Amino acid sequence: MAKLIVSDLDVKGKKVLVRVDFNVPIKDGVIGDDNRIVAALPTIKYIIDNGGKAILLSHLGRIKSEDDKKNLSLKPVAARLGELLEKPVTFVASNEGKEVEDAVAAMKDGDVVVLENTRFQDIDNDFGKRESKNDPKLGEYWASLGDMFVNDAFGTAHRSHASNVGIATAMKAEGKPAAAGYLMEKEIKFLGDAVENPVHPFVTILGGAKVSDKIGVIENLIPKSDHILIGGGMAYTFLAAQGHKIGKSLFEADKLDLAKSLLEKAGDKIVLPVDNVAATEFSNDAAHEVVGQDIPDNEMGLDIGPKSVEKFREILKDAKTVVWNGPMGAFEMPNYAEGTLEVGRALAELTDATTVIGGGDSTAAAKQLGIAPKITHISTGGGASLNYLEGKELPGIACISDK
Ligand code: AMP
């Protein structure tokens, strides 16, 4: 059933609790990349432009000690949000107690308050990780601060935390709405359509280090995809399963049988690299060469080769839906980046297809190439998007009210 969206809510004069994803890279109080703050703006603006009061909650990093608290305050994030919104944003250096309640009581329509990092609740209390283990009392407390709830944090939607599932549960128990924000709506639409209702030909491209991380995705997408292109370290366990020599390449012995059975199940849907860039060491300076599907004993495959790129490009050229997760090689090193960059370029050249990228490395490659504007949707959540592609129900989405 369709989910309630922030635009369905009449927010005028209402206190709207919003779970945003402000989990930005931050060092010594300096924000490295404000993409996630920018991505939350449409939802925040809808609320304040329509006379609502926006009370924002987010986690930032992991809190295991008092020292972490010093480095992971949301204060600089609130300041950056104020600059982006071009209006004052009130930061409260706490997320529970009188200081919070006073700040909320003082809000006027159109005001924005940012509460302190929700994971500050993960230490110094009897419950333990109150936020990350979803202490129901914490969800109830936060819910008591608002009239309605909007979850716009797709990046944590695969987790059941107090600030998403806890608040939504408590809100709904009181007959109050829990809606998806615009960012969440976009993620559900593009990932959901790609997985549940793809326009064919539907091509899935998977890479990255390990088969074990992508088993669920492969199993879920074999019946739905027309082609599954596999590159990266995970390709070598599949090549080994076909009887190829893989030298010193990444290999998961305990996944060999599974790789064999996936190859059997998928028939010729699974497409493996036909050549590879192989090097003597895991180093950009190591001697390297292009080899076929068999890797010499003293070498390791670190990228897909030019013929594989050609083959992948040929398949991609007719695609109408493409989902890409994971690099085609050890792309952080320039000598082994070409396969990943070429896949990115191939996606950017598709003008009549829905293209979806998930996962930090593929996203980084897309940004490095400057092709992000040519991609239909770049998912903001690594783990969450992988869980979605696995066909799993995400607790942070399941808790949102139906329309
Ligand atoms: P993942 O986190 O599973 O998406 O894996 C990403 C990492 O896998 C990147 O840091 C890549 O450098 C690494 N990687 C990709 N292909 C290979 C390969 N053929 N050999 C070793 N590492 C690789």
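Residues numbered from 1 in each chain as written. Predicted model: local features only at pLDDT ≥ 70, side-chain atom pairs only at ≥ 80, totals over all residues. Heavy atoms only, no water.

Per an unreviewed UniProt entry, the protein goes by the name Phosphoglycerate kinase and belongs to Lactobacillus pasteurii DSM 23907 = CRBIP 24.76.

### Points about the pairing of strand β12 (residues 276-279)
With burial as the criterion, each face of β12 is covered, one bearing Asn276 and Ala278 and the other bearing Val277 and Ala279. In terms of strand pairing, β12 meets strand β13 (residues 288-291) through 4 bridges, oriented antiparallel. In the sheet register, Ala278 faces β13, and the bridge partner there is Glu289. In this sheet, strand β14 (residues 300-304) lies alongside β12 in antiparallel orientation, the contact comprising 4 bridges. (Buried < 20%, exposed > 50% of the residue type's maximum accessible area, 1.4 Å probe, protein only. Helix = DSSP H or I, 4+ residues; strand = E, 2+ residues; numbered from the N terminus. Pairing = 2+ DSSP bridges.)

### Considering the UniProt feature "binding site: ATP" (unreviewed entry) in the protein
When the UniProt feature table is mapped onto this chain, "binding site: ATP" (unreviewed entry) is found at Lys214, Gly301, Glu332, Gly359, Gly360, Asp361 and Ser362. Assignment of secondary structure puts Gly360 in helix α13 (residues 360-369). What makes Gly360 exposed here is its relative accessible area of 54%. On the secondary structure map, Asp361 appears in helix α13. (UniProt positions renumbered as here; feature names shortened; annotations may be inferred.)

### Describing the site of the ligand
In the vicinity of the ligand lie 15 residues, with Ala209, Gly233, Gly301, Glu332 and Asp361 positioned nearest. Here Gly233 contributes a backbone N or O atom positioned 3.0 Å from a nitrogen atom of the ligand. At a separation of 2.9 Å, a nitrogen atom of the ligand approaches a polar backbone atom of Gly301. Alone, the ligand offers 500 Å² of accessible surface; in the complex the protein occludes 79% of this. Here the residues of the shell around the ligand sort into 7 nonpolar, 5 polar and 3 charged. (Near = heavy atom within 4 Å. Polar contact = N/O pair within 3.5 Å; in protein donor to acceptor, adjacent residues only side chain to side chain. Areas by Shrake-Rupley, 256 points an atom, 1.4 Å probe, with all protein chains shown as cover. Nonpolar A, V, L, I, M, F, W, Y, C, P; charged D, E, K, R; others polar.)

### Re helix α3 (residues 75-85)
For α3, the full list of buried residues reads Val77, Ala78, Leu81, Gly82 and Leu85. Considered in projection along α3, the buried side chains sweep an arc of 145° and stay on one side of the axis. The inward-facing, buried residues of α3 contact β2 (26-27), β3 (30-31), α1 (35-49), β4 (53-57), β5 (90-92) and β6 (112-115). Residue Glu86 follows α3 closely and has a positive phi angle near 55°. (Arc of directions from axis to C-beta. Contact = heavy atoms within 4.5 Å.)

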